[in-house]
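# Summary of structural features
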Amino acid sequence: MTPPRKKTPVWQSISQSLTADIGEGRYRPGDKLPTEAELSARFGVNRHTVRHALKDMAERGLVHARRGAGVFVAQSPTDYPIGKRVRFHRNLQKAGRLPAKETLSIETRSADAREAEALALSKGDRVHVYEGLSLADDQPILVFRSVFPADRFPALLEHMTASQSVTAALKACGIEDYTRASTRLTAKRATATQALHLRIQEGDPILRSVGINVDPDGVPIEYGVSWFAGDRVTLTFAEGDEG
């Protein structure tokens, strides 16, 4: 006698169906999936069953939830080169992504000990601080803080506000070129604020990059700290110069 075939759990069937939808292009990378209520109605189940299916898909890296926004199809990580010249817009354009920035804050204040050391200043010297969010195809990939010596670049923040580009603002201040002198990478966990900006969960893995950029004479002009969403960026290192 043939034993009865084991039934597929409903949540697993839903997961398989949505996975097929993604595989067949009905939902593309970055697209938002229907809401839990809409999926419950589509499959004739309660929301708990839908959540189980979405959790399974998230564990397989197919989707990710953004707090307060919904569940989205995961995008393949963006290759982000870190070399002698690090330029955000150029890096993303080369990766085939559309770059954008959102300004979180711009201020002039006293340098703390770490900033002063990185920029060869004295503690308490004035610095310009530019904090923001960088996006690829409208998806946030990193939160950043860039610190510059205020006495050397008194009009930098005015140019930064106009262009939202570090390279353009520095060029307007007389710096035609700058290069990366050092980069330090450290694995971290997202704080509540970082998670909110990056649309991830508090405690999710992120990668912190600490870098110092110098002018052609080797004088530090920028101390930058960036926090990358761990599953959205692949940091790459290549010998030679990106140009």
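Everything below is about the structure printed above this text.
In this text the structure is predicted, and so the values were computed from the model without any measurement.

Taking 1.5 Å per residue as the helical rise, helix α1 (residues 10-23) with its 14 residues ought to reach 20 Å, and the 20 Å between its terminal C-alpha atoms agrees with that figure. Residues of α1 that are buried include every one of I14, S15, L18, D21 and I22, and no others. Buried residues of α1, seen end-on, are gathered within an arc of 120° and therefore sit on one face of the element. Along its buried surface, α1 packs onto α2 (36-43), α3 (47-59), β1 (63-66) and β2 (70-73). One or two residues past the end of α1 sits G25, with phi positive at roughly 85°.

At a closest axis distance of 9 Å, the pairing of α2 and α3 adopts a crossing angle of 105°. Taken together, the axis directions place α2 and α3 in an arrangement best described as roughly perpendicular. When α2 is examined against α3, the residues E36, A37, L39 and S40 are found in contact with a partner set consisting of R47, V50, R51 and L54. Along the lines of polarity and charge, the residues of the contact of α2 with α3 split into four nonpolar, one polar and three charged.

Turning next to the environment of T191. Structurally, the position occupied by T191 is in the loop between β7 (179-189) and α8 (192-198). Residues T191 and Q201 lie 10 residues apart in sequence; the distance between their C-alpha atoms is 8.7 Å.

Quick look at the pattern of salt bridges now. What the rule picks out here adds up to eight salt bridges. For R26, the salt bridge goes to D21, with nearest N and O atoms at 2.8 Å. Among the residues examined, D21 registers a relative accessible area of 6% and is labelled buried. Between E107 and R109 there is a salt bridge, with the nearest N and O atoms lying 3.6 Å from each other. With relative accessibility at 37%, the residue E107 sits in the partly exposed group. Beyond isolated ion pairs, a larger network of salt bridges with shared partners links D21, E24, R26 and R42.

Reading guide: rules and limits
Residues numbered from 1 in each chain as written. Predicted model: local features only at pLDDT ≥ 70, side-chain atom pairs only at ≥ 80, totals over all residues. Heavy atoms only, no water. Helix = DSSP H or I, 4+ residues; strand = E, 2+ residues; numbered from the N terminus. Expected span 1.5 Å × (residues − 1). Buried < 20%, exposed > 50% of the residue type's maximum accessible area, 1.4 Å probe, protein only. Arc of directions from axis to C-beta. Contact = heavy atoms within 4.5 Å. Axes fitted to C-alpha atoms, helices over the stretch in contact; angles between N-to-C directions. Parallel < 35°, antiparallel > 145°, perpendicular 65-115°, else oblique. Nonpolar A, V, L, I, M, F, W, Y, C, P; charged D, E, K, R; others polar. Salt bridge = Lys/Arg side-chain N within 4 Å of Asp/Glu carboxyl O.

Geometric values such as these leave the question of function open.
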